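As a plain string of letters, each chain reads:
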Amino acid sequence: PLLEVNTPAAREHVGEIEHRICVVKERVRASSCEFPFRSIPKLVLIHTAYNSVLWLNAFPKRSKNRGFSPRELITGISTNYWRDCKAIVGEYVEASHDHDITNTNDERTHSCIYVGSSGNRQGSSKCFDLDTGKIVVRRTIKVLPWPDKLIRIAERWGERGKASILKLSLI
């Protein structure tokens, strides 16, 4: 009874929504300007936008929510620095595999680009796997400096496909 739905027509101006889109774009630009690679992989850019929206909704607004953030009102999960801030978006991380059989000589970690917190209660991290080009969710990560070889691999992932996105012409 207290909810009003206002559906605009096609191409109709909605200032509040357009402003929020501009804020998200600014946050994505601010995050991606510190990436060490020039050509950004598409999935990294998409999940950088997800991470920006997660943090925009993680803090209380000045309005009538009684000190609760929009994220906490919807999901019931509050923000925890130690759980949700393990690395900076775009950093190189070694993410750990959780194998069922652990007494083999297989690698325990793999090279990834950190793209944000998964937002769950366990504090898992979303990472772009540099070997497969997919987003993986891992429980434990270790932040390391970027080796030149892996920067070139990340550049190649960014140059693949038709939707190559350059840092200078972002959004």
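Above this text is the structure in question.
Residues numbered from 1 in each chain as written. Predicted model: local features only at pLDDT ≥ 70, side-chain atom pairs only at ≥ 80, totals over all residues. Heavy atoms only, no water.

Visitor: Could you give an account of the pattern of salt bridges, naming the residues involved and the relevant values?
Guide: What the rule picks out here adds up to one salt bridge. Asp-84 is the salt-bridge partner of Arg-83, the closest N and O atoms lying 3.1 Å from each other. Taken individually, Arg-83 and Asp-84 each receive the classification buried, so the pair is uniform in this respect. (Salt bridge = Lys/Arg side-chain N within 4 Å of Asp/Glu carboxyl O. Buried < 20%, exposed > 50% of the residue type's maximum accessible area, 1.4 Å probe, protein only.)

Visitor: So what's going on with the packing of aromatic side chains? Residues and values would help.
Guide: Taken as a whole and assessed by the stated rule, the structure comprises five aromatic pairs. Ring geometry for Tyr-92 against Trp-146: centres 5.4 Å apart, planes inclined by 45°, an arrangement best described as tilted. Of this pair, Tyr-92 sits in strand E2 (residues 92–96) while Trp-146 sits in the loop between strand E6 (141–144) and helix H5 (148–159), and the two are 54 residues apart along the sequence. There is no split in this pair, since Tyr-92 and Trp-146 are both buried. Site record: aromatic cluster; members linked through ring pairs are Phe-35, Phe-37, Tyr-92 and Trp-146. The positively charged end of Arg-160 is found above the aromatic ring belonging to Trp-157, 4.2 Å away from the centroid. (Phe/Tyr/Trp six-rings, centres within 6.5 Å; stacked < 30°, edge-to-face > 60°. Helix = DSSP H or I, 4+ residues; strand = E, 2+ residues; numbered from the N terminus. Lys NZ or Arg CZ within 6 Å of the ring centre and 35° of its normal.)

Visitor: I'd like to hear about a nonpolar patch on the surface, residue by residue, with values.
Guide: On the surface, a cluster of nonpolar side chains totalling about 250 Å² of accessible area is made up of Leu-43, Ile-46 and Tyr-50. By secondary structure assignment, the location of Tyr-50 is in helix H2 (residues 42–56). Take Tyr-50: its relative accessible area is 48%, and that puts it in the partly exposed class. (Patch = residues over 30% accessible without salt bridge, like charges linked within 9 Å, V, L, I, M, F, W, Y side chains within 5 Å. Areas by Shrake-Rupley, 256 points an atom, 1.4 Å probe, with all protein chains shown as cover.)

Visitor: Explain the pairing of strand E4 (residues 125–129) to me, and be specific about the residues and the numbers.
Guide: Among the five residues in E4, five count as buried, and that is most of the element. Judged by which residues are buried, E4 turns out to be covered on both faces: Ser-125, Cys-127 and Asp-129 on one side and Lys-126 and Phe-128 on the other are all buried. As paired strands, strand E3 (residues 109–117) and E4 are joined by five bridges and run antiparallel to one another. Across the sheet, residue Ile-113 finds its bridge partner in E4, namely Phe-128. The antiparallel hairpin formed by E4 and strand E5 (residues 135–138) contains five residues in its connecting segment, where Gly-133 sits at a positive phi of about 80°. (Pairing = 2+ DSSP bridges.)

Visitor: Summarise helix H1 (residues 15–32); cite the residues concerned and give the values.
Guide: With 18 residues, H1 should reach 26 Å at 1.5 Å per residue; the first-to-last C-alpha distance of 26 Å fits that figure. Within the sequence span of H1, burial applies to Val-23, Val-28 and Ser-32. Angularly, the buried residues of H1 cover 160° about the axis, an arc narrow enough to put them on a single face. Opposite its buried face, H1 presents the exposed residues Glu-16 and Glu-26, each directed more than 90 degrees away. Contacts from the buried residues of H1 go to strand E1 (39–40) and H2. (Expected span 1.5 Å × (residues − 1). Arc of directions from axis to C-beta. Contact = heavy atoms within 4.5 Å.)

Visitor: Pulling in residues and values, what's your account of unusual backbone geometry?
Guide: Non-glycine residue Arg-11 carries a positive phi angle of around 65°. Of note, Arg-11 is situated in the segment before H1.

Visitor: So what's going on with the nonpolar core? Residues and values would help.
Guide: Counting residues in each nonpolar core, the largest one holds 18 residues, and the members touching the most others are Phe-37, Val-44, Ile-113, Phe-128, Leu-130 and Trp-146. Contributions of two or more residues to this core are made by H2, E3 and H5. Top element by residues in this core is H5. It accounts for five residues. Residues in contact with Trp-146, not counting those within four places in the same chain, are Pro-36, Phe-37, Gly-90, Glu-91, Tyr-92, Ile-113, Leu-130, Ile-151 and Ala-154. By size, the runner-up hydrophobic cluster in this structure holds eight residues, among which are Val-93, Cys-112, Val-136 and Ile-141. (Core = buried A, V, L, I, M, F, W, Y, C linked by side-chain atoms within 4.5 Å.)

In short, geometric facts, not functional conclusions.
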